[in-house]
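Listed below are the residues making up each chain.
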Amino acid sequence: MRKLSKTFFLILVSALLIGNLSAGGQAVAAEPAQAAPQAVIFPVDKASILAGSIFDLKVELNHIPSAPTEFDVRVQGTNAETFFNQTASTGATTKDGPYKMWKDVTFKAPAGNYTVSVSARGEGWTLSKEVQYNVVKAEAGKAKNVILVIGDGLALPMRTAARMVSKNLTEGKYNGLLEMDNMDEVTLVTTSGLNSVVTDSANSAHAYATGHKTSNNAMGVYTFDPNDKNQVPPKVENIIELAKKAGKATGIVSTAEITDATPSAMFVHVPQRSNMQEIANQMFYPAQRPDVILGGGAQWFWPKSVAGSKRADERDLIGDFESQGYQFAGNAQELNNVDASKTNQLLGLFHNTTMNVYIDKAIEKNPNVLKNYPDQPMLWDMTQKSLDILSKNKNGFFLMVEGASIDKQEHVMDWERAVWDTIEMDKAVGVAKDFADKNGDTLVIVVADHSHSVSVYGTVDYSKSGRDAVRVYEKAAWPTYKDNDGDGFPDTGKDENGDGKFDQVVSTDISLAIGWGNHPDYIEDFKYSSVPISPAITVDGKAAANTEGSAPGGYLIAGNLPVTDTQEVHSADDIPLTAYGTGSEYFDKAIMDNTEVFFGIINALGLDPTKFSR
Ligand SMILES: [Ca+2]
Ligand SMILES: [Ca+2]
Ligand SMILES: [Ca+2]
Ligand SMILES: [Zn+2]
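Treat the numbers as computed from the prediction; the structure is a model and nothing was measured.

### Section: the nonpolar core
Where a protein is soluble and globular, its nonpolar side chains tend to be buried together. If you look at the biggest cluster of nonpolar residues, it comprises 127 residues, and the most contacted ones within it are I147, L148, M266, F301, F398 and W420. When residues of this core are assigned to domains, at least three fall in each of domain 2 (462-516) and domain 3 (518-568). Look past the residues within four positions of L148 in its chain and what remains in contact with it is Y208, M266, F398, L399, M400, V401, I445, V447 and I601. Counting 33 residues, the second largest nonpolar core, distinct from the first, contains V59, Y114, L127 and V135.

If you want it as structure tokens, here you go:
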């Protein structure tokens, strides 16, 4: 079957636009295309758009069997060219048809409903479509600063498990609450994306950063097909671009690669999150460049010739940042040495890939696990240094802090590493709340990006093995975690290793029983592993249980995922959001969509782009 070429469409579309193609006269008859003709309008129907924020309006005609003789786009009933006072850029979609795009346009005033419609026809086909937008004006704003703390995969049971491990209970009442519990408001957040009920960390963070939905793997752009390398995806403006235009300082802090989805969604425009070299490059663009950048992922900043680099070119991105006045820190000591009073921009890269988790960097300290990175900072130290620097800006700041490996350790069903990282992040929340208490004018938000299929269902008796160790209902009673020195982490109450602090402990006599709703084939032994273990490995293209390293009594649990999946996957369950400080009343609702979180940030900061000088 013959398909119409892109070039063909470009010529026809240009001809149409300059008006020398007579209606119907020169249309070429073609064999029917496989898929039905379809009109696509981006932003999509029911999008909420911040008044004055910049976006690209794109209208695609896909799978059309012949060139259009009419391709009319209207905004509020007015020809789009006239409405935006801009000639459309045109081209061929990657799905056999033309597109028109108006770049960097805005809806200013008044707020309310806006209608965009397309009507198009050619020989043997007609298409029409209409979408409605809700254009939202930013409120005046009472806060100067927003600290958005994202616990990647911070499912509700993770908060429960972290509270049990960190605080424990006495006769049914918790001995204390987490920092993320002790806040002013709580709401549920729905997380589904543009293309699926189950989101990933790219489009979920994109929702917080832009107020728009997009497809899994995409950030800062609309697309239904992130893997389409030839697409020209329409952009939407993000929180770091907006905050910078308002003269605010901006920062991103993560325990993942700093080019990973959650931190990069705050500033980036890419259809595919795995394109990390492009993400690192965009991080340096002046309009998108955060003032403070702390995390892992140095491999995307080193020139190709440096051992461990993942770049395809010889660009020295750390050198580029330094040339723009950024201080650089490569480990915890160097971060500690940064004098915030003399530093306005800071790049800290503490690992070539993902930073090690709390259990490994602070408790086990196994040199075979930490390898070249024995001195990685804690998330709360990274948060404190960021606040010390960003708070010097008299216009305020936006800071995103991510506990990234909660999710990454849930994927490998290592609940202890996920929970201890949740506690590490909770201490960063404490730093953020202290800042809000001392300085006022600050909103702190703690939220997941999506859930995981994790559940606390009892306790585990470490003196027994296999399923004999599991205790449920009244037999579960209480775990035996005790935080004798009050640092939030369980310890033995003794200092046998002589470092002047009580020795931390992960596995206690009675631990938690934690299970998973979805999983590959894996060996369950109900016991902590002092070294990280993958639950499943790929053998002959299929996932197989990893039999190495399991404790006595471990037994095979048959998987319930597609046979090629080696890891537990995200779930579509709603997630809790807690908020503290100025502007937190926005979150006094029972439930909201993840795109609405963006407007809570915007309203708190009073980020009104209709007032920006463009
Ligand atoms: Ca993440
Ligand atoms: Ca302790
Ligand atoms: Ca000790
Ligand atoms: Zn994940």
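Further notes follow.
### What about the coordination of the calcium ion (ligand 1)?
Distances from the calcium ion (ligand 1) to its protein donors, namely D152 (OD), T262 (OG1) and E402 (OE), fall within the range 2.1 to 2.3 Å. Read in sequence order, the donor residues coordinating the calcium ion (ligand 1) give the pattern D-x109-T-x139-E. Of the two residues, T262 is situated in helix α6 (residues 261-264) and E402 in strand β18 (residues 397-403); the sequence distance between them amounts to 140 residues. For T262, a relative accessible area of 1% translates into the label buried.

### Structural notes on the packing of helix α3 (residues 156-167) against helix α14 (residues 415-439)
Relative to each other, α3 and α14 sit at 80°, their axes nearing to 9 Å. Of the possible angle classes, the one that applies to α3 and α14 is roughly perpendicular. On α14, the residues that touch M158, A161, A162, V165 and S166 of α3 are W415, A418, V419, W420, T422 and I423. Per-class residue counts for the contact of α3 with α14 are 9 nonpolar, 2 polar and no charged.

### A word on the sheet that holds strand β7 (residues 98-105)
Strand order in this open sheet of 4 strands is β1-β3-β7-β6, and the pairing throughout is antiparallel. Two strands in the sheet have a free side with no partner beyond their single neighbour: β1 (38-42) and β6 (89-92). Direction aside, the axes of adjacent strands within the sheet are offset by 15° on average. In terms of strand pairing, strand β3 (residues 55-62) meets β7 through 5 bridges, oriented antiparallel.

Cut-offs used in this document
- Residues numbered from 1 in each chain as written.
- Chains lettered and ligands numbered in written order.
- Predicted model: local features only at pLDDT ≥ 70, side-chain atom pairs only at ≥ 80, totals over all residues.
- Heavy atoms only, no water.
- Core = buried A, V, L, I, M, F, W, Y, C linked by side-chain atoms within 4.5 Å.
- Buried < 20%, exposed > 50% of the residue type's maximum accessible area, 1.4 Å probe, protein only.
- Domains from an automatic or database assignment.
- Contact = heavy atoms within 4.5 Å.
- Donors = N, O, S within 2.8 Å, 3.2 Å for Na, K, Ca; no water.
- Helix = DSSP H or I, 4+ residues; strand = E, 2+ residues; numbered from the N terminus.
- Axes fitted to C-alpha atoms, helices over the stretch in contact; angles between N-to-C directions.
- Parallel < 35°, antiparallel > 145°, perpendicular 65-115°, else oblique.
- Nonpolar A, V, L, I, M, F, W, Y, C, P; charged D, E, K, R; others polar.
- Pairing = 2+ DSSP bridges.

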